[in-house]
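Here is what each chain is made of, one letter per residue.
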Amino acid sequence: MSIGEFRNDKARERFHAVYGRLLARLWPGTGDTLDLPTSFGTTRVHRVGPPCPDPVVLLSGANGNSLMWHRYIEPLARRRTVIAVDTVGEPGASVQSAPLTGVEDDARWLEEVLAGLEATAAHLVGCSYGGWLALGHQMYYPGRTAALTLVEPAGFADPGRRFYAWLIAGGLAGMAPRALRPWLARRIRNSAILETELMELGRASIGFRRALPPARVFSDEELRRVRVPSLFLLGERSALHDARQVAERVEALVPTAEAEIVPGTGHALPTDDPELVVTRILRGAAG
């Protein structure tokens, strides 16, 4: 299996120019940046607040990076140390050096990141593919995570035609004139296209070849391994899965889990209702 990388130097330079400019514009002025070595490459993390054993750790969805959380950092950092991660193998500032072949490798990578942060009671927050990563880590490397907040996590249904149509429609709508995007966002139920800067970053990442394992569906046996308090935030109109079926399965298999279906939202839940997501993260982090 190959590794995620830019097609050529020009694509890499173009992406990093946009990434650096948007990071300077969108990210809080305080905090620091760390490059953590792992068995699968160097992982870039952005930290706001002092080192601590129980940070809130943010994991982005597929083809995303730390910047997807830019609106979340300040409200979360008022209460907790916050760390946003550029997942190895995604377009960002991390550099992959070895392939990840499945959920066990992904879990090992995240365990090494948390070890590098000296986190022993982290609150993991994962969106979509990032939710799959957070769950996989808890299943295969329990011990460093105190709680999970999973926002529209992958791993409960194979992406079908409906989901891929939603992704393609979002990509096309993100290139439309800005004045049309509010109408398009309502039409295709994807509020993420209103994030102008992230749409720009997405266009800049076209030259990146992603080579991460697909978010396969978790088995019942794997889900029963989750033993920490876990909140599953599910969009009522998700294009990825049937939110009600996911909620019923999770609550039947994971005694420590709570599933909340958020009315009127979809797979773009982090931009559909950011205030609710922030509130739920802080509630979970408080224990």
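The structure under discussion appears in the preceding block.
Residues numbered from 1 in each chain as written. Predicted model: local features only at pLDDT ≥ 70, side-chain atom pairs only at ≥ 80, totals over all residues. Heavy atoms only, no water.

(A) Spotlight on a nonpolar patch on the surface. Side chains of Ile168, Leu172 and Met175 sit close together on the surface and give an oily, nonpolar patch of about 340 Å² of accessible area. Looking at the element boundaries, Ile168 is found in helix H5 (residues 161-173). Ile168 sits in the exposed class, given a relative accessible area of 56%. (Patch = residues over 30% accessible without salt bridge, like charges linked within 9 Å, V, L, I, M, F, W, Y side chains within 5 Å. Areas by Shrake-Rupley, 256 points an atom, 1.4 Å probe, with all protein chains shown as cover. Salt bridge = Lys/Arg side-chain N within 4 Å of Asp/Glu carboxyl O. Helix = DSSP H or I, 4+ residues; strand = E, 2+ residues; numbered from the N terminus. Buried < 20%, exposed > 50% of the residue type's maximum accessible area, 1.4 Å probe, protein only.)

(B) Inspection of unusual backbone geometry at higher detail. Phi at Glu118 is positive, roughly 60°, even though this residue is not glycine. Looking at where Glu118 falls in the secondary structure, it is placed in the loop between helix H3 (103-116) and strand E7 (122-127). On the basis of relative accessibility, which here comes to 64%, the residue Glu118 falls in the exposed class. Even without being a glycine, Arg189 presents a positive backbone phi close to 60°.

(C) Examining the side chain of Thr43 more closely. Looking at the secondary structure, you find Thr43 in strand E3 (residues 41-48). Assessed through its relative accessible area of 0%, Thr43 is described here as buried. Engagement of the side chain of Thr43 in a polar contact is seen with the side chain of Trp109, the distance being 2.8 Å. Ignoring any residue separated from it by four or fewer positions in sequence, one finds Thr43 in contact with Leu34, Asp35, Leu36, Thr38, Val85, Asp86, Val88, Ser94, Trp109 and Val113. (Polar contact = N/O pair within 3.5 Å; in protein donor to acceptor, adjacent residues only side chain to side chain. Contact = heavy atoms within 4.5 Å.)

(D) View of the packing of aromatic side chains. One pass over the full model with this rule turns up 10 aromatic pairs. Plain terms: the ring middles of Phe6 and Phe15 are 5.2 Å apart, the flat faces sit at 40° to each other, and that makes the pair tilted. Consider the rings of Phe6 and Phe208, whose centres lie 5.0 Å apart with planes at 75°: the pair is edge-to-face. Separated by 202 residues along the polypeptide, Phe6 in strand E1 (residues 5-6) and Phe208 in strand E9 (residues 208-209) bring together distant segments of the chain. Judged by its relative accessible area of 8%, Phe6 is buried. Its relative accessible area of 11% is what places Phe208 among the buried residues. Linked through ring pairs, Tyr129, Trp132, Phe156, Phe218 and Phe232 together constitute an aromatic cluster. Over the ring of Tyr129 we find Arg210; its NZ or CZ atom is 4.7 Å from the centre of that ring. The side chain of Arg225 reaches across the aromatic face of Tyr140, ending 4.7 Å from its centre. (Phe/Tyr/Trp six-rings, centres within 6.5 Å; stacked < 30°, edge-to-face > 60°. Lys NZ or Arg CZ within 6 Å of the ring centre and 35° of its normal.)

(E) Molecular detail of the environment of Ala215. Within the secondary structure, Ala215 sits in the loop between E9 and helix H8 (220-223). Classification of Ala215 as buried rests on a relative accessible area of 17%. As for Ala215 and Val103, which are separated by 112 residues in sequence, their C-alpha atoms are 7.9 Å apart. Ignoring anything within four residues of it in the chain, the contact list for Ala215 reads Tyr129, Trp132, Ala154 and Gly155.

(F) Summary view of the environment of Leu110. Topologically, Leu110 is positioned in helix H3. Through-space distance from the C-alpha of Leu110 to that of Gly235 is 26 Å; in sequence the pair is 125 residues apart. Dropping the residues within four chain positions of it, Leu110 is found in contact with Leu59, Leu124, Leu133, Ala134 and His137.

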